[in-house]
Amino acid sequence: MTEKTVLNATHRALGARMVDFGGWDMPINYGSQIEEHHAVRREAGMFDVSHMTVIDLHGARVRDFLRHLLANSVDKLKVHGKALYSCMLDERGGVIDDLIVYYLGDEFYRLVVNAGTRAKDLAWIERQAQAFEVQVKERPEFAMIAVQGPAARAKVLGLLHEVDRQRIEKLGKFAAAAAQGPHGMPLFVARTGYTGEDGFEIVVPAEHAVALWEALAAAGVAPAGLGARDTLRLEAGMNLYGQDMDETVTPWEANLGWTIALDEGRDFIGRAALEQQKAAGVPRVMVGLVLDDKGVLRHGQKVLTANGEGEILSGSFAPTLNKAVAFARIPAGEPGDVRVDIRGREVPVRLVKYPFVRDGKPCEGI
Amino acid sequence: MSEIPGDLKFLKSHEWARVEDDGLVRVGISDHAQGQLGDLVYVELPEVGSAVKAGTGAAVVESVKAASDIYAPVSGEIVEVNELLNDKPETINEDAFGEGWIFLVRPSDRAELDELLDANDYQDLVENEDH
């Protein structure tokens, strides 16, 4: 059974090409994926991300619970509204999901997790929450719209109630606050995203989502599909769960070491396995690849290195760069000349540090 | 979607073939196919002079989304390729039945043309696929 977001009819009326994404009927593009990609890099685009799962956590010991549940440390969250990106690991250090956690009150946190992992995430979180007497509440009555691009914030600010504008304009990166949108609709506005551009992700009650979408469109924000979202996040160097990491991979092997907080005395799930793997030596690393020749790097292609074979995780033509880029997981150690097997042909690629693109511009060395 | 020209013949895999006045067969992909693939970013053209066999891969088109083999509708020798596609693969998105042609074949067995779908049959195929 395919699920639909409250914006489904809106996408169809715009002529979107719809695809199944993690059990959801979602727009992949509204005509040209590349034009939508450029709209976000150059001006402002919006994505329906209502398929993502919002989970609210309440309880006196909710902070202790999150110290245990997440590999990143919620103790970094000092001010109400601040957000943190983290992995949620199993006992073996495998990644169950990646998520954003918002600190909304001393007894109230909000998680936003992936759509495709909803059922297993909820089951895992509920099981772990019992010992901490934390209430786990999914919020399916919310829709979510991501507005991204250099002009995105200004366009959203123009739709907010006057009394909220200045406060939301001052909102720092990775922070969220409540505000009133068009017709007084209650919004939860977060300065986060998945494109490498500035912008907001806005949680809105489902009954107001169509009106918000239409107000954004009237303000000149271009509808963009999941296709553009994928190339934007790849250029920005952001992992996609299920493609770049899953339970068979630790954060060390997914270039997510920066999200692991080995703070003194904190016993989070998976910590022992991570420390053990670190001590023993991490066998595989995730790297960025650039193909300067013609052709496209794609998921599943074999990567040949001096230390053996690896494979491409996320790979695509990158519209901002006009060439193909990829993430690959390869054996650790000096890789030598790296080649990718494209339909039986060994094509040389360059190993690079990513992100590939930041704030609309190619990064140095790409 | 643009109208399907009546002089074209089709493979079920969405390649079109047009017999030119000089008897050569021009090959491309249908407007429906380019729509399914999305923005094209790279076309791997066959070599001029190489032999192709009906129903087997002769070229590859890559969109942002996926790579697809382009089958030769007829057997024969490649006599020309559309070099324009090297720099502007999006020409296929813009004009699949015209400027976006991919290669030209000198057919070795003209009877193979009779096995292709005509424009009406292809239209039916596409409409059924959409349901």
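Note that the structure is predicted; figures quoted are calculated from it, not measured.

What counts as what
- Residues numbered from 1 in each chain as written.
- Chains lettered and ligands numbered in written order.
- Predicted model: local features only at pLDDT ≥ 70, side-chain atom pairs only at ≥ 80, totals over all residues.
- Heavy atoms only, no water.
- Helix = DSSP H or I, 4+ residues; strand = E, 2+ residues; numbered from the N terminus.
- Rg over C-alpha atoms; globule rule 2.2 N^0.38 Å.
- Buried < 20%, exposed > 50% of the residue type's maximum accessible area, 1.4 Å probe, protein only.
- Contact = heavy atoms within 4.5 Å.
- Areas by Shrake-Rupley, 256 points an atom, 1.4 Å probe, with all protein chains shown as cover.
- Pairing = 2+ DSSP bridges.
- Axes fitted to C-alpha atoms, helices over the stretch in contact; angles between N-to-C directions.
- UniProt positions renumbered as here; feature names shortened; annotations may be inferred.
- Parallel < 35°, antiparallel > 145°, perpendicular 65-115°, else oblique.
- Left-handed = near helix turned anticlockwise from the far one by under 90°.
- Nonpolar A, V, L, I, M, F, W, Y, C, P; charged D, E, K, R; others polar.

Colleague: Tell me what's going on with the overall build of chain B, and back it up with residues and numbers.
Modeller: A tally of regular secondary structure across chain B gives 4 helices and 10 strands. Secondary structure of chain B in N-to-C order comes out as β-β-β-α-β-β-β-β-β-α-α-β-β-α. Compactness check: chain B gives a C-alpha radius of gyration of 13 Å against a globular reference of 14 Å for 131 residues, within 12% of the reference. When each of the 131 residues of chain B is scored for burial, the buried share is 53%. In chain B, once contacts between residues fewer than 6 apart in sequence are set aside, the share between residues at least 24 apart is 63%. Of the roughly 6,200 Å² of accessible surface on chain B, 42% is carried by carbon and sulfur atoms.

Colleague: Tell me about the sheet that holds strand β3 (residues 45-48) of chain A, and name the residues and values.
Modeller: The strands making up a sheet are joined through hydrogen bonds of the backbone, oriented either antiparallel or parallel. Residue and element names in this part refer to chain A. One open sheet accounts for 6 strands, arranged β10-β11-β12-β9-β3-β13; its pairing is mixed. Two strands bound the open sheet, and with one partner strand each, they are β10 (176-180) and β13 (222-223). Relative to β13, β3 runs parallel, the two being bridged by 2 bridges. Counted as the bridge partner of G45 is A222 from β13. Seen against the sheet, helix α2 (residues 33-42) touches β3, β9 (142-148) and β13 and runs at an angle of roughly 120° to β3.

Colleague: Can you lay out the UniProt feature "modified residue: N6-lipoyllysine" (unreviewed entry) in chain B for me, pointing to particular residues and giving the numbers?
Modeller: Here, the residues flagged by UniProt with the feature "modified residue: N6-lipoyllysine" (unreviewed entry) are K65 of chain B. Inspection of the secondary structure assignment puts K65 of chain B in the loop between β6 (57-63) and β7 (67-71).

Colleague: Kindly report on the environment of A129 of chain A, identifying the contributing residues and their values.
Modeller: Residues and elements named next belong to chain A. Along the chain, A129 turns up in helix α4 (residues 118-129). Looking at A129, the relative accessible area reads 1%, which means it is buried. Expressed as a C-alpha distance, the spacing of A129 and A119, which sit 10 residues apart in the sequence, is 15 Å. Once residues within four sequence positions are removed from consideration, A129 is found in contact with F65, V134 and V136.

Colleague: Tell me about the packing of α2 of chain A against helix α8 (residues 226-235) of chain A, residues and numbers included.
Modeller: Residue and element names in this part refer to chain A. With their axes 8 Å apart at the nearest point, α2 and α8 run at an angle of 55° to one another. With respect to α8, the axis of α2 lies oblique. Between α2 and α8 lies a crossing whose hand is right-handed. Contacts from Q33, E36, H37, V40 and R41 of α2 reach α8 at G227, A228, T231, L232 and E235. Broken down by class, the residue content of the contact of α2 with α8 amounts to 3 nonpolar, 4 polar and 3 charged.

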